[in-house]
Every structure is written in C-alpha cells, then in structure tokens.
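Examination of the molecular architecture
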Amino acid sequence: MDHTQRLEQMIRIAHQAGERIKDARRAQDYSQSYKGGDELVTDVDVAVDQLIADELEANFPGEARLTEELSPDRSQLEREGPLWVVDPIDGTVNFAYDHVHVAVSIAWAVDGELELGVVHSPFMDETFSAVRGQGAWCNGQAIRCSQADSLARSLVATGFPYGRDKREPLVRRLSHVLGACRDIRRNGSAALDLCHVACARLDAYYESVSPWDFAAGLLIAREAGARTGHLYTCPDNLPVDLYGENLLVSAPDIHRELGELLRHADEGGRLRH
C-alpha cells in the first residue's frame, strides 16, 4: 500500500472515530474518571482508542501502536520499523465541557521518522493531513503557515500540565512570552494548536506533551512550512520526531527569537521590555 492509499485509510478511520465522539456527546451517557490522580479520562476515550486499534489492525496487521489509552508503552519509541501514534481524543477536558477544540490524531512513523499525519476535528468539521515531503492540507486544500516576522505581532499558543505542582516554571515562561507577543491562546488541544500553526491561525506554539498529542500535528505544521524543533537537546535514545519535551513550532522567522525568550525565562531572567 502506497502513502496515498494509507493516508486515505487514516482519514477514513479518523472520520469514523469522530462520528463516535459526536454520538457520545449528543447522548451524554459517558462516564468520567481520573488517571495519575489529575488527568481526566472518559470511557469514550477508551472506546474510540479501541475502534481505531481494530481498524488499524484490520487494515495494517501486525504494525506496532503507541496510543494514549490502550497501548501507552513508550518503549515503542525506540523500536525500528512502522509505528502508529494515536490520540483517540486530544482535548478530553474540552470534550467533557462541550467545547469544540477536540481532535482525533493519527500519525504513522517509520524508524522514528514521521511519514503521515491526520488530525480530524469532528466538531469543526475539519481534517488536516500531511505526507512527508509532499505538503499539508485542510479538507483537501493546501495550507501554509504564517509569514510572521515579528514576535511582537504574533499570536502564540501553549498549554499546561494537569499537575498543579508543575505549572510554576511555565507561568514564568508565559509572563515572558505575553510581554513580548501580540497575545496568547490556550485552546486545550495540542494537535489542533499545531494544525492552526500550519494554516496560519496561530504564529507559534510551545509546550511539553506526549507523543500521541503532537506527532500528527507536528508533521502537518512542518509540511505547511513551519519551523519545528525543541528548546533543548533531545535524548540520544529517542527519535527527535517523536520527542515531545519543550517543543517549539512557529513561523520560520520568529522561531529563534521565541526560543531565546523561553530559554531566558527558564534561566530566571528578568522580563524584557
């Protein structure tokens, strides 16, 4: 199966998952619980993860999967060969609170390199996709990132971890960025934030997230012309494409300035004016 055929199947599966998510919201019959003490999860997350797993196994038998709910073993990142990286519902809190920033994220990597990505937004009826080296699309139309050349006139997105004790350093980053950019957005879905960088609804995004949160969106943003990278050196034993700590994705011309600002905040430097 070539990349085009594989992408078509990914889009079909993402749409099927999206319908399941919309049905669950309409019915309002799902349960909620917490994992790790702070992170909300619903039985819809698990059901959609299972749906995607069944479809992937039926169409691509034997290929490894790293998924948020059913197969979260990150040792998969170190393996060679094909790997599916799936978030059945990116934006679970948004889903539970009836917000629209909810996405199905499906990425396919080979030997640690992202090859295909699909992010489907069921409540906004948008499907973002990308093929390595061939570009990025929204609902089949080619997209490009913004051409922002000034951080002062840029719209920047980020997010925060569920654990409250981990937020203080990030608030320091936020203070620095807010003092230097046009404004901040916090939409609650890393996958969609990355896609919105890809289609110029945002100029930049930074955060530390899990592989399933960002993998598909990272490829989509990169193929749309955004500069993708990390604030700090990645570990040698993990593929750079699937390492989610200290991500920075932006319009090319503001990437360096924003990176320097965030590292300055980490060092405890004074706010710049």
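Quick caveat, the model's predicted, so the values are computed rather than measured.

1. What about a nonpolar patch on the surface?
On the surface, a nonpolar cluster with roughly 310 Å² of combined accessible area is contributed by V93, Y97 and Y162. As for its position among the elements, Y97 is in the loop between α3 (92–96) and β5 (103–110).

2. A word on the packing of helix α5 (residues 190–198) against helix α6 (residues 211–223)
Across the interface, α5 lies against α6 with an axial gap of 8 Å and an inter-helix angle of 5°. Classified by the interaxial angle, the pair formed by α5 and α6 is roughly parallel. Contacts between α5 and α6 pair A190, A191, L194, C195 and A198 from the former with D213, F214, G217, L218, I220 and A221 from the latter. Of the residues that constitute the contact of α5 with α6, the class distribution is nine nonpolar, one polar and one charged.

3. Here's the deal with the layout of surface pockets
The space that makes up the largest pocket amounts to roughly 1,300 Å³. Around the largest pocket, the lining comprises 43 residues; the ones closest to its centre are E39, F160, P161, Y162 and G163. Breaking the lining of the largest pocket down by element, the ones donating at least two residues are β1 (32–35), β2 (39–42), β4 (82–90), α3, α4 (168–178), α5, β12 (204–207) and α6. Residue classes in the lining of the largest pocket are distributed as 14 nonpolar, 13 polar and 16 charged.

4. What to know about helix α1 (residues 3–27)
With 25 residues, α1 should reach 36 Å at 1.5 Å per residue; the first-to-last C-alpha distance of 36 Å fits that figure. Looking at α1, one finds that the buried residues are R6, L7, M10, I13, A14, A17, G18, I21, A24 and R25. On its buried side, α1 packs onto α2 (43–59), β4, α3, β5, β6 (113–121) and β7 (126–131). Two or three places before T4, at the opening of α1, D2 has a side-chain oxygen 3.2 Å from that residue's backbone nitrogen. Downstream of α1 by one or two residues, Q28 has phi in the positive range, about 55°.

5. What about the packing of aromatic side chains?
Counting across every chain of the model gives three aromatic pairs. Their ring planes at 35° and their centres at 4.8 Å tell us that Y30 and F95 sit as a pair that is tilted. Of this pair, Y30 sits in the loop between α1 and β1 while F95 sits in helix α3, placing them 65 residues apart in sequence. Neither residue differs from the other here; Y30 and F95 are each classed as buried.

6. Observations concerning the confidence of the model for the protein chain
Mean pLDDT over the protein chain: 96, with 98% of residues reaching 70 or higher. When pLDDT is averaged over each helix and strand of the protein chain, the minimum, 93, is found for β1 and the maximum, 99, for α5.

7. Things to note about the pairing of β4
Burial within β4 is extensive, with eight of its nine residues counted as buried. As paired strands, strand β3 (residues 64–67) and β4 are joined by four bridges and run parallel to one another. The residue bridging R65 from the neighbouring strand is W84, located in β4. In this structure, β4 lies alongside β5, joined through seven bridges in antiparallel fashion. Bridged to W84 within β5 is W108.

8. Focus on the sheet that holds β4
Read from one edge of the open sheet, seven strands run β3-β4-β5-β6-β7-β8-β9, paired in mixed fashion. A strand with exactly one partner marks an edge of an open sheet, and here the two such strands are β3 and β9 (141–142). Sheet contacts for α5: β4, β5, β6 and β7; angle to β6, the most-contacted strand, approximately 100°. The sheet contacts of α6 involve β3, β4, β5, β6, β7 and β8 (135–138), and relative to β6 the element is tilted by about 100°.

Rules used throughout
Residues numbered from 1 in each chain as written. Predicted model: local features only at pLDDT ≥ 70, side-chain atom pairs only at ≥ 80, totals over all residues. Heavy atoms only, no water. Patch = residues over 30% accessible without salt bridge, like charges linked within 9 Å, V, L, I, M, F, W, Y side chains within 5 Å. Areas by Shrake-Rupley, 256 points an atom, 1.4 Å probe, with all protein chains shown as cover. Salt bridge = Lys/Arg side-chain N within 4 Å of Asp/Glu carboxyl O. Helix = DSSP H or I, 4+ residues; strand = E, 2+ residues; numbered from the N terminus. Axes fitted to C-alpha atoms, helices over the stretch in contact; angles between N-to-C directions. Parallel < 35°, antiparallel > 145°, perpendicular 65-115°, else oblique. Contact = heavy atoms within 4.5 Å. Nonpolar A, V, L, I, M, F, W, Y, C, P; charged D, E, K, R; others polar. 1 Å grid on protein atoms, 1.4 Å probe; cavity = no way out; pocket = protein on both sides within 12 Å on 5 of 7 lines; lining within 4 Å. Points joined across faces, edges and corners; volume = space filled by probe spheres on them. Expected span 1.5 Å × (residues − 1). Buried < 20%, exposed > 50% of the residue type's maximum accessible area, 1.4 Å probe, protein only. Polar contact = N/O pair within 3.5 Å; in protein donor to acceptor, adjacent residues only side chain to side chain. Phe/Tyr/Trp six-rings, centres within 6.5 Å; stacked < 30°, edge-to-face > 60°. pLDDT = per-residue confidence, 0-100. Pairing = 2+ DSSP bridges.

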